[in-house]
Amino acid sequence: MQVGIVGGGCVGLTVAGDLAERGVDVTLYERGDVGSGASGRAAGICYDAFADPTDAAVARRALDRYREWDLLTPRPYVWVARGDEDARAVREQVTEMRALGLDVESIAPERLGGRYPAVETRELTACAMANDAGTVTPTAVVERLAERARAAGATVRTGSAVSLAGPTALQTADGESAFDAVVVAAGPATGSLVADVGVALALETYRAQVLVTDPVNVSLPSLYDASGEFYWRPWAGAILVGDGAHAVDPENCDPAADSEFVESALERFRAATALSPAVARSWAGPCTATPDRDPLVGRVAEGCWVATGWQGHGLMRAPAIGEWLAERISGAATTVDAPLAEQFDPTRFDGDETFHPLGDPTAEW
Ligand SMILES: Cc1cc2nc3c(=O)[nH]c(=O)nc-3n(C[C@H](O)[C@H](O)[C@H](O)COP(=O)(O)OP(=O)(O)OC[C@H]3O[C@@H](n4cnc5c(N)ncnc54)[C@H](O)[C@@H]3O)c2cc1C
């Protein structure tokens, strides 16, 4: 079996490795360097704190594989609320997650402060902690996945922009190549690539931004502030602070962070901790969105598969979703036991839906 893959991010590279390990003849085409899309620009937060059973099953498997590959640094993931309504939502999420058997707990703000004294807890109305969580270094993940795919026999061609000449044919710089199957895991470009073979995807793009501070000498968990709408994680002795998301044209995603984002994220971080570090660097990257916030993963035409629409959670899911796709394409039994095929079916939408990638078009992030 010969499979062509478009996109050398964490998803395309995982599919490539898993197919090649099953003896499939794989060629992956990446228009830039591996990881030059969203994957190499991610924050690298991974957790299983999902209230939906399919999401939780995918996350569990992905975390297991990151551990197996020695890429995951264990680190709790905390999410906090400030108002009453957000606090109620956090408590409900914990109940739902615990019902799924996840190692998630509500934790009193004072207890969180006791464990992490640098976290300012006075205004917090609810806190939850997912213990089965960690962080990865996105560039290390991508390099390792590329190495793994190549070691298993896949050909990874960088600097190779391709288009679809048919559902299972790619137009490359060397001419047209026919495959038994094609996987398009090209991030925001997935929509326009499959449009060339008559497939319409309900896919939008937004831009997410992060900054990294100067080194700080404190212990912190990864944390998402649901009311302040920002997050942070420890990052190589410093702290990465993220969000600043807004809708963007997929072909026009400025990779440099906006100064307004840097200023406002730093201000929110300083108010939420006892720390006031300076900013060392910052950047932005593209994220994909769907009308129901579930990804688009599966077959869109005979032999033609897509994987996109991660809503900012693609890195933490790639090891499981990539494996699932490789299993489906090669006809093997699937490892993740969840109704993924139905729930993430890319044809569940007509493709002409109009929606805002961040849900609320008036939201300022
Ligand atoms: C700032 C930021 C922070 C994030 N933080 C997290 C996080 O903490 N945890 C998490 O799970 N997720 C996070 N994400 C989301 C995550 O990065 C993405 O969901 C994930 O990387 C998507 O992987 P992918 O392989 O689908 O796409 P990408 O990594 O975007 O890869 C697609 C590749 O396709 C290539 N391509 C496009 N068109 C063509 C073509 N015509 N021919 C050949 N190649 C082509 C691109 O160059 C690109 O390299 C974050 C994203 C951003 C931007």
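Quick note: structure is the one above.
Residues numbered from 1 in each chain as written. Predicted model: local features only at pLDDT ≥ 70, side-chain atom pairs only at ≥ 80, totals over all residues. Heavy atoms only, no water.

A. The arrangement of the pairing of strand β15 (residues 222-225) in detail. Pairing geometry for strand β5 (residues 77-81) and β15, over four bridges, is parallel. Looking at β15, one finds that V78 is bridged to L223. Strand direction decides the pairing type here: β15 and strand β16 (residues 230-235), joined by three bridges, are antiparallel. Residue pairing for β16: Y224 is matched across the bridge by Y231. (Pairing = 2+ DSSP bridges. Helix = DSSP H or I, 4+ residues; strand = E, 2+ residues; numbered from the N terminus.)

B. Focus on the environment of G159. If you trace the backbone, G159 turns up in the loop between β9 (155-157) and β10 (163-166). In this structure, the C-alpha to C-alpha distance between G159 and A51, residues 108 residues apart in sequence, is 40 Å. Once residues lying within four places of it in the same chain are set aside, the contact partners of G159 are E30, R31 and G32. (Contact = heavy atoms within 4.5 Å.)

C. Expanded view of the sheet that holds strand β12 (residues 175-178). Sheet architecture is open: three strands sit in the order β10-β11-β12, paired in antiparallel fashion. Where the open sheet ends on each side, the last strands, each with one partner, are β10 and β12. Strand-to-strand twist across the sheet, computed as the mean angle between neighbouring axes with direction ignored, equals 35°. Two strands pair when backbone bridges link them, and strand β11 (residues 169-172) and β12 are joined in this way by four bridges, in the antiparallel orientation. Paired with T172 across the strands is G175, a residue of β12. (Axes fitted to C-alpha atoms, helices over the stretch in contact; angles between N-to-C directions.)

D. Quick look at the site of the ligand. In the region of the ligand, 38 residues are neighbours, and E30, S39, I45, V162 and M316 sit closest. A distance of 3.1 Å separates an oxygen atom of the ligand from a polar atom in the backbone of L315. For the ligand, the accessible surface in isolation is 1,000 Å², of which the surrounding protein chains cover 95%. Contributing elements (two or more residues each) for the shell around the ligand: α1 (10-21), β14 (204-213), β18 (279-289) and α8 (314-330). (Near = heavy atom within 4 Å. Polar contact = N/O pair within 3.5 Å; in protein donor to acceptor, adjacent residues only side chain to side chain. Areas by Shrake-Rupley, 256 points an atom, 1.4 Å probe, with all protein chains shown as cover.)

E. Summary view of the sheet that holds strand β17 (residues 238-247). Read from one edge to the other, the open sheet built from eight strands follows the order β6-β7-β5-β15-β16-β17-β14-β18, with strand pairing classed as mixed. The open sheet has two edge strands, β6 (104-106) and β18, and neither has a second partner. The mean angle between the axes of side-by-side strands here comes to 20°, regardless of whether they run parallel or antiparallel. Note that β16 and β17 share five bridges and pair antiparallel. Each residue of the ladder has a partner; that of P234, found in β17, is I239.

F. Region of the structure containing the packing of α1 against helix α5 (residues 138-151). Here α1 crosses α5 at 25°, and the two axes come no closer than 8 Å. In terms of orientation, α1 lies roughly parallel with respect to α5. For the element pair α1 and α5, the recorded crossing hand is left-handed. Packed against α1, whose contacting residues are C10, L13, T14, A16, G17, D18, A20 and E21, the element α5 presents V142, L145, A146, R148 and A149 at the interface. (Parallel < 35°, antiparallel > 145°, perpendicular 65-115°, else oblique. Left-handed = near helix turned anticlockwise from the far one by under 90°.)

G. Highlighting the side chain of R75. Mapping R75 onto the fold places it in the loop between β4 (73-74) and β5. One buried charge, R75, has no salt-bridge partner; the nearest side chain with opposite charge is D132, at 13 Å. A distance of 3.2 Å separates the side chain of R75 from the side chain of T135, its partner in a polar contact. Once you skip the residues sitting within four places of it in the chain, R75 turns out to touch A133, G134, T135, L220, P221, S222 and P234. (Buried < 20%, exposed > 50% of the residue type's maximum accessible area, 1.4 Å probe, protein only. Lys, Arg positive; Asp, Glu negative; His and termini not counted. Salt bridge = Lys/Arg side-chain N within 4 Å of Asp/Glu carboxyl O.)

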